[in-house]
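Single-letter residue listing:
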Amino acid sequence: MQKHQATLAPIRSAAEGAAATPLPCGIGRIMLAGAGSDGYFQRMDFDNNPSREPTTAAERLLLLLKTRGGQSAAALGAALGTTGEAARQQLVKLAEAGLVESAPQRAGVGRPVQLWSLTAAGHARFPDGHAEMVAGLIAGVRRELGEAALERLIAAREAETLARYADATAGTEALRDRVATLAGLRTREGYMAGWEEDENGFLLVENHCPICAAAAACQGFCRSELDLFRRVLGPEARVERTEHIQAGARRCAYRIRPQSSRSESEHHHGV
């Protein structure tokens, strides 16, 4: 498995290197796509000053729990460069504010480990895409104009997004570079996207859904985004959604496997 380092620097071209701060995630390392003044930190509801990256320990803890899911105080302390006890004290304060909660999890012999995770209020600290208004508009379109009109709106949104993504990936031939560019685009739109490369291809993850309310009101948005990824990455990539927030998962994840295009496959098999 090829490992990547996280980067909180503004994303540049795929060929350029960016200063990185390692954030281990699971077996490998997830590379968080660039987040500068127009990245996901811009829309975080921290101290009513959304133009900066999180600087306090409490803010960084919320971000770590959002991007990694349940974590022990020791693991969070290590990620912050401090002790588990120092992290636990911050977590207790966040729990008193209703932003995090803990639950015991047994792993083998010994005492259970307390895993900390975000509450619904903690998740709400991240962008929600004007949830109630969007859900109301969707319901209104469906009621007044019908399902077909709603599908046309979704198709128009997909076409507009595809045009932007196509411009951003123009001239990018390697699948790896297109995946990295796509992750950067999604992060700029508030999805807190990341990607990693392994022996099976690539894994694109989105740790947040800024249109969650719209997606809950109309599954067409989720279907449209999967189709969009397939079109952007091209025929040499097989894209499957393996985790889905709307199905109860913590994040959305997409497995991207390289595959030969039809013409290449036919040539290889002598067709």
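Analysis parameters
Residues numbered from 1 in each chain as written. Predicted model: local features only at pLDDT ≥ 70, side-chain atom pairs only at ≥ 80, totals over all residues. Heavy atoms only, no water. Helix = DSSP H or I, 4+ residues; strand = E, 2+ residues; numbered from the N terminus. Buried < 20%, exposed > 50% of the residue type's maximum accessible area, 1.4 Å probe, protein only. Areas by Shrake-Rupley, 256 points an atom, 1.4 Å probe, with all protein chains shown as cover. 1 Å grid on protein atoms, 1.4 Å probe; cavity = no way out; pocket = protein on both sides within 12 Å on 5 of 7 lines; lining within 4 Å. Points joined across faces, edges and corners; volume = space filled by probe spheres on them. Nonpolar A, V, L, I, M, F, W, Y, C, P; charged D, E, K, R; others polar. Phe/Tyr/Trp six-rings, centres within 6.5 Å; stacked < 30°, edge-to-face > 60°. Lys NZ or Arg CZ within 6 Å of the ring centre and 35° of its normal. pLDDT = per-residue confidence, 0-100. Contact = heavy atoms within 4.5 Å. Pairing = 2+ DSSP bridges.

Asks: Describe the overall build of the chain, naming the residues involved and giving the relevant values.
Replies: Counting its regular elements, the chain contains 10 helices and eight strands. Across the 271 residues of the chain, 42% fall into the buried class. Accessible surface, the chain: about 14,000 Å² in total, of which carbon and sulfur atoms supply 52%.

Asks: Let's hear about empty space enclosed by the protein: which residues, and what values?
Replies: In this structure the tally under the stated criterion is two cavities of 30 Å³ or more. As a volume, the largest cavity reaches approximately 90 Å³. Of the residues contributing to the lining of the largest cavity, the split by class is eight nonpolar, three polar and three charged.

Asks: Kindly report on the packing of aromatic side chains, identifying the contributing residues and their values.
Replies: Under the counting rule described, the total for this entry stands at two aromatic pairs. Taking the centre distance of 6.4 Å and the plane angle of 55 degrees together, the rings of Trp195 and Phe202 count as tilted. Judged by relative accessible area, Trp195 falls into the buried class, the value being 3%. By relative accessible area, which is 4% here, Phe202 ends up buried. When the ring centre of Tyr191 is taken as reference, the NZ or CZ atom of Arg186 above it lies at 3.7 Å.

Asks: Provide a residue-level description of the environment of Ala183, including the pertinent values.
Replies: Locating Ala183 in the fold gives a position in helix H7 (residues 175-188). Here the alpha-carbon distance between Ala183 and Ala193, two residues 10 residues apart in the chain, equals 5.3 Å.

Asks: Run through the confidence of the model for the chain, naming residues and quoting values.
Replies: Looking at the chain as a whole, the pLDDT averages 76, with 74% of positions reaching at least 70. A low-confidence stretch, residues 1-51 (pLDDT under 50), is modelled with 128 contacts involving residues beyond four sequence positions or located in other chains. Residue range residues 263-271 is modelled with pLDDT below 50. Its contacts to residues more than four positions away, or to other chains, number two contacts.

Asks: Describe the pairing of strand S5 (residues 193-198), with residues and values.
Replies: The buried fraction of S5 is high, at six of six residues. Neither face of S5 is exposed, since Ala193, Trp195 and Glu197 on one face and Gly194, Glu196 and Asp198 on the opposite face are all buried. The pairing of S5 with strand S6 (residues 201-206) spans six bridges and is antiparallel. Pairing of Asp198 across the sheet is with Gly201, part of S6. Where S5 folds back onto S6 in an antiparallel hairpin, the turn is made up of two residues.

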